[in-house]
Amino acid sequence: MNVLKPHISLNVSNIDASVAFYERAFGVRATKRRPGYAKFDLASPSLNLTMQEAPRTGVNASHFGVQVASTEDVLEAKSRFEAAELRTFAEEDTACCYAVQDKVWIEDPDGNSWEVFVVKGDAAVMGSQPAMPSKSEAACCAPSCCAPSKLDDAAAR
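Residues numbered from 1 in each chain as written. Predicted model: local features only at pLDDT ≥ 70, side-chain atom pairs only at ≥ 80, totals over all residues. Heavy atoms only, no water.

Student: Help me out: how do you make sense of the overall build of the chain in this one?
Tutor: When helices and strands are tallied, the chain shows three helices and eight strands. Starting at the N terminus and walking to the C terminus, you meet the elements of the chain as β-α-β-β-β-β-α-β-β-β-α. Relative to all contacts within the chain whose residues are 6 or more apart in sequence, the contacts with residues 24 or more apart total 57%. Working note: accessible area of the chain is about 8,200 Å², and carbon and sulfur atoms make up 53% of it. (Helix = DSSP H or I, 4+ residues; strand = E, 2+ residues; numbered from the N terminus. Contact = heavy atoms within 4.5 Å. Areas by Shrake-Rupley, 256 points an atom, 1.4 Å probe, with all protein chains shown as cover.)

Student: Explanation requested: helix α2 (residues 71-83) in the structure shown.
Tutor: Every α-helix winds through 3.6 residues per turn, so residues three or four apart in the chain are directed the same way. Taking 1.5 Å of rise per residue, the 13 residues of α2 would be expected to cover 18 Å, and the 18 Å separating its terminal C-alpha atoms lies within 8% of that figure. Taken as a whole, α2 has its buried residues at Asp73, Val74, Ala77 and Phe81. Buried positions in α2, seen along its axis, are confined to an arc of 105 degrees and lie on one side of it. Summarising the geometry of α2, the exposed residues directed more than 90 degrees from the buried face are Glu72 and Ala83. (Expected span 1.5 Å × (residues − 1). Buried < 20%, exposed > 50% of the residue type's maximum accessible area, 1.4 Å probe, protein only. Arc of directions from axis to C-beta.)

Student: Honestly, the sheet that holds strand β8 (residues 113-122) in this entry has me stumped. Any pointers?
Tutor: Hydrogen bonds along the backbone pair up the strands of a sheet, which may run parallel or antiparallel. An order of β2-β3-β4-β1-β5-β8-β7-β6 is seen for the eight strands of this open sheet, with the pairing classed as mixed. At either end of the open sheet lies a strand with only one pairing partner, and these are β2 (32-34) and β6 (89-96). In this sheet, adjacent strand axes meet at a mean angle of 20 degrees when their direction is disregarded. Here nine bridges tie strand β7 (residues 99-107) to β8, and the two strands are oriented antiparallel to one another. Across the sheet, Val100 pairs through a bridge with Gly121, a residue of β8. Sheet strands touched by α2: β5 (61-68), β6, β7 and β8. Its angle to β7, the strand with the most contacts, is close to 10 degrees. (Pairing = 2+ DSSP bridges. Axes fitted to C-alpha atoms, helices over the stretch in contact; angles between N-to-C directions.)

Okay, structure coming up:
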């Protein structure tokens, strides 16, 4: 699997204040800005950091991820997860964070969502409605993917 860089997605209460903070912290401007959304695609440190404006819930991290080079890498990760008997949820050509992506999700025992994803191009929208219910209807790109009942429901479709 050709890993490009780690990915962290933060929920922030004020996108403008957060962008200003991270621009100062990293010494670079945001790579992408949209209403309620920002992305920093950093070379050093190697990091894909995104943030979306969301109401304060006490949960600041939306999800975590690993960006890979190709759809084949996503499929390789999915196969590896399934071989390890982890529950997965895959999305193809989904609009997420103003990008078209293929991805596979897993969820750790504490409910932290992890994605392995490839960016295939830009999208005009923040996100499409996930096929599975999300942790927050307002949040994009972070389905609560791997609860057994949800995966069993998806498998029956």
